[in-house]
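A structural walkthrough
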Number of protein chains: 2
Amino acid sequence: MDPDQVAKAFVEHYYSTFDTNRSGLANLYQDGSMLTFEGQKIQGSQNIVAKLTGLPFQQCHHNISTVDCQPSGPAGGMLVFVSGVLQLAGEQHPLKFSQLFHLMPTPQGSFYVLNDIFRLNYA
Amino acid sequence: MDPDQVAKAFVEHYYSTFDTNRSGLANLYQDGSMLTFEGQKIQGSQNIVAKLTGLPFQQCHHNISTVDCQPSGPAGGMLVFVSGVLQLAGEQHPLKFSQLFHLMPTPQGSFYVLNDIFRLNYA
């Protein structure tokens, strides 16, 4: 499968899940997964999803501007680098963000998120 | 060694080399290295440095805002996620950017850049 297509499909799935059912993201992480969210380091699927579901807004919508993808080495991983804007309900201005996902293959032929780094790009 | 210190030292070395002697970056890449620069994919140290030295400006200065670092898996690699601004000589406004480096260990105990993804963050 074309890595760029895999990356694009992952990105669409990730953000549509984030925007509609944040707790559903748990399936995409594992115990060894790491999230760095605005500089805060969090490890493990349970802690990561607790962080994401605990963010102080209920409704949001991600609009993706760019998706870049590269293979990450012999283990079959894939780096997916995203830029876009995040619109929070009730806020006038969208927030620009960049996010990196390092996807690793699962034995079932799917991918999970080993590394996730999120930063807002303040104007 | 503390991964955050390694990441910070790498970032300082990379951008000070970029800003003073761009062709000196060749040592940081290898034949299998990949750069995605504003969506354009380039492979190999020689091609990458040709791209970077051929960028249409002579003098520039990177100011780093954030550096986030995570181990990338069992191969001993490290993901370094940078945000900052790039000031070009003669331009009034700095350009915001985000950049990802995937560093892999060398047999000599150093690191090289396996993956490099660069994006300007347009306001």
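Thresholds applied
Residues numbered from 1 in each chain as written. Chains lettered and ligands numbered in written order. Predicted model: local features only at pLDDT ≥ 70, side-chain atom pairs only at ≥ 80, totals over all residues. Heavy atoms only, no water. UniProt positions renumbered as here; feature names shortened; annotations may be inferred. Pairing = 2+ DSSP bridges. Helix = DSSP H or I, 4+ residues; strand = E, 2+ residues; numbered from the N terminus. Axes fitted to C-alpha atoms, helices over the stretch in contact; angles between N-to-C directions. Contact = heavy atoms within 4.5 Å.

As recorded in an unreviewed UniProt entry, chain A goes by NTF2 domain-containing protein and comes from Cinchona calisaya. Under Subunit (unreviewed entry), UniProt gives the following word-for-word description of chain A: "Interacts with RAN1."

So, the sheet that holds strand 5 (residues 95–105) of chain B
All names here are of chain B. In space, the six strands of this open sheet follow the order 2-1-6-5-4-3, with mixed pairing throughout. Only two strands of the sheet have a single partner each, and these edge strands are strand 2 (40–43) and strand 3 (60–71). Between one strand axis and the next, the sheet turns through 15° on average, direction left out of account. Relative to strand 4 (residues 78–88), strand 3 runs antiparallel, the two being bridged by eleven bridges. Paired with histidine 61 across the strands is glutamine 87, a residue of strand 4. Packed onto the sheet, helix 2 (residues 45–53) meets strand 1 (29–37) and strand 2 and runs at close to 40° relative to strand 1.

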